Amino acid sequence: CLMTHPASSNPFFPLDQLDNPSPYEVPPLTVWGVALCVSGTLIATENAIVVTTILATPSLRAPVFLLLASLGLADLLAGVALILHFLFLFCVEPSDWSELLTSGLLVTSLTASLCSLMGVALDRYLSLSHALTYGSGQSRRRAAILLLLVWLGACVIGAGPAMGWHCLGEPESCSVARPLTRTYLSLLCGGFLVVVMVTLQLYAGICRVARRHAHAIATQRHFLPANQSYASKHSSGRGFSRLILVLSVFVGCWMPFSLWGLLGDASSPPLYTYATLVPAAGSSLLNPILYSLRNKDIRKVLLQACCPHRYTHNTQIHYPVDV
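Residues numbered from 1 in each chain as written. Predicted model: local features only at pLDDT ≥ 70, side-chain atom pairs only at ≥ 80, totals over all residues. Heavy atoms only, no water.

In the nomenclature of an unreviewed UniProt entry, the protein chain is known as G protein-coupled receptor 3 of Seriola dumerili. The Subcellular location (unreviewed entry) field of the UniProt record for the protein chain holds the comment "Cell membrane". What UniProt states about the protein chain under its Sequence similarities (unreviewed entry) heading is, verbatim, "Belongs to the G-protein coupled receptor 1 family." (UniProt positions renumbered as here; feature names shortened; annotations may be inferred.)

1. Examining the overall build of the protein chain
Looking only at helices and strands, one finds eight helices and zero strands in the protein chain. Mapped from its N terminus to its C terminus, the protein chain presents α and β elements in the order α-α-α-α-α-α-α-α. A total of 323 residues make up the protein chain; the buried ones form 39% of that total. Look at the contacts in the protein chain between residues 6 or more apart in sequence, and 75% of them connect residues 24 or more apart. A total accessible area of about 17,800 Å² is found for the protein chain, and carbon and sulfur atoms account for 68% of it. (Helix = DSSP H or I, 4+ residues; strand = E, 2+ residues; numbered from the N terminus. Buried < 20%, exposed > 50% of the residue type's maximum accessible area, 1.4 Å probe, protein only. Contact = heavy atoms within 4.5 Å. Areas by Shrake-Rupley, 256 points an atom, 1.4 Å probe, with all protein chains shown as cover.)

2. A few points about the UniProt feature "transmembrane region" (unreviewed entry) in the protein chain
The UniProt record annotates "transmembrane region" (unreviewed entry) at residues 31–57, 64–88, 100–122, 143–164, 184–204, 243–262 and 274–293. Across residues 64–88, the secondary structure splits into 100% helix and 0% strand, with the terminal C-alpha atoms separated by 36 Å. From the first C-alpha to the last, residues 274–293 spans 28 Å; its make-up is 95% helix and 0% strand.

3. Quick notes on the state of the cysteines
Each disulfide consists of a covalent bond between the sulfur atoms of two cysteine residues. Evaluation of the coordinates by the stated rule reveals one disulfide. Note that cysteine 167 is cross-linked by a disulfide to cysteine 174, the S-S spacing being 2.0 Å. Note on the cysteine 167 and cysteine 174 pair: the S-S dihedral is about 95°, so by sign convention the disulfide is right-handed. According to the relative accessible area criterion, cysteine 167 is buried, its value standing at 1%. Looking at the unpaired cysteine 37, the closest cysteine sulfur is the one in cysteine 91, lying at 7.9 Å. For cysteine 37, a relative accessible area of 24% puts it in the partly exposed group. (Disulfide = S-S within 2.5 Å.)

4. As for the packing of helix α2 (residues 63–90) against helix α7 (residues 270–292)
Relative orientation of the contacting elements α2 and α7 amounts to 150°, with a least axis distance of 9 Å. Accordingly, the angle class assigned to the pair α2 and α7 is roughly antiparallel. Like other packed secondary-structure pairs, α2 and α7 cross with a definite hand, here left-handed. Contacts from Leu68, Leu71, Asp75, Ala78 and Leu82 in α2 reach Ala281, Ser284, Asn287, Tyr291 and Ser292 in α7. Looking at the contact of α2 with α7 residue by residue, the class counts come to six nonpolar, three polar and one charged. (Axes fitted to C-alpha atoms, helices over the stretch in contact; angles between N-to-C directions. Parallel < 35°, antiparallel > 145°, perpendicular 65-115°, else oblique. Left-handed = near helix turned anticlockwise from the far one by under 90°. Nonpolar A, V, L, I, M, F, W, Y, C, P; charged D, E, K, R; others polar.)

5. Considering the confidence of the model for the protein chain
Here the protein chain averages 80 in pLDDT, and 79% of its residues register 70 or above. Mean pLDDT in the protein chain bottoms out at helix α6 (residues 226–263), which sits at 73, and peaks at α2, which reaches 92. Scored below 50 in pLDDT, residues 226–232 shows two contacts in the model against residues more than four places distant or in partner chains. (pLDDT = per-residue confidence, 0-100.)

6. What about the environment of threonine 41?
Secondary-structure assignment places threonine 41 in helix α1 (residues 31–56). With a relative accessible area of 35%, threonine 41 lands in the partly exposed category. Expressed as a C-alpha distance, the spacing of threonine 41 and isoleucine 83, which sit 42 residues apart in the sequence, is 6.9 Å.

7. A look at unusual backbone geometry
A cis amide bond links arginine 178 with the next residue in sequence, proline 179, at an omega value of 10°. When you line up the elements, proline 179 lands in the loop between α4 (137–158) and α5 (182–219).

8. A word on helix α3 (residues 96–129)
For α3, with 34 residues, the first-to-last C-alpha span of 49 Å sits near the 50 Å given by 1.5 Å per residue. The buried fraction of α3 is high, at 25 of 34 residues. (Expected span 1.5 Å × (residues − 1).)

9. A few points about the side chain of asparagine 287
As for its position among the elements, asparagine 287 is in helix α7. Among all residues touching asparagine 287, those that are not within four sequence positions of it are Leu71, Asp75, Ser113, Leu117 and Ser292.

10. What about the environment of valine 278?
Within the secondary structure layout, valine 278 lies in helix α7. Looking at valine 278, the relative accessible area reads 43%, which means it is partly exposed. Considered as a pair, valine 278 and cysteine 253 are 25 residues apart in the sequence and their alpha carbons are 8.3 Å apart.

Dropping the structure here:
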């Protein structure tokens, strides 16, 4: 739907307006635009399913499910931000407020997503090191307070561009991600790196606790039947392989853009910005698969919803290490 300049013979168009600039013409759709729209739709859809499943199931109220719902909501907003960016690029005329809206929403969603991932790692650590008190009412209240602080902080950080921390009037102060200033993006990426390091420390603590558990099992292995000993060893091996996969995806998605945001500037090639920002946005596509859909309780609810005659719902004790 391209907008064309009205003809000079149109009696309803004043002649003194013929010298005005031509109206905005929507650019042709590109492969990047199609990928942007499809990825945003997929991210929004799968995370909407996860959030709806958790909120609609009363039995999914353990602290870890609150964290997974927060993670799904953050990634859902990231998908919405990508869709809005596509619409403002290829469907309607972009403006300053549209750039500020999409950039602010994307910053808010990515910040909340990364902090929710740190919260999931903290939940895993506490569920192993404080297994007796895990899942209590006090733990749920702490998780709710943590998520409240996470979202308040994410909203405050995301409101920075709309509150004047942008480079729309000063192009020389722009960062690799317009309209964010280089100072703003440097602080943001520096915070991302801190959260990444804290998360890695939490997973290192998880490995230490799991190693102690494995050592305790090994000392008692000669008291166990052979089949139980093999099952414990096999389960431990699968747990560590999953942990390596989660950490590899986590670091691979977040580290490139965090470093590039600190090192690059407005004169840097845009291709490098896209190459580092795509994995960060891709994290929102992989998070439901790596975290939520791997949980047995969430899978059971989804299977029951899809095949109600085949699967019957029964409450089961939640094991946080399965998440």
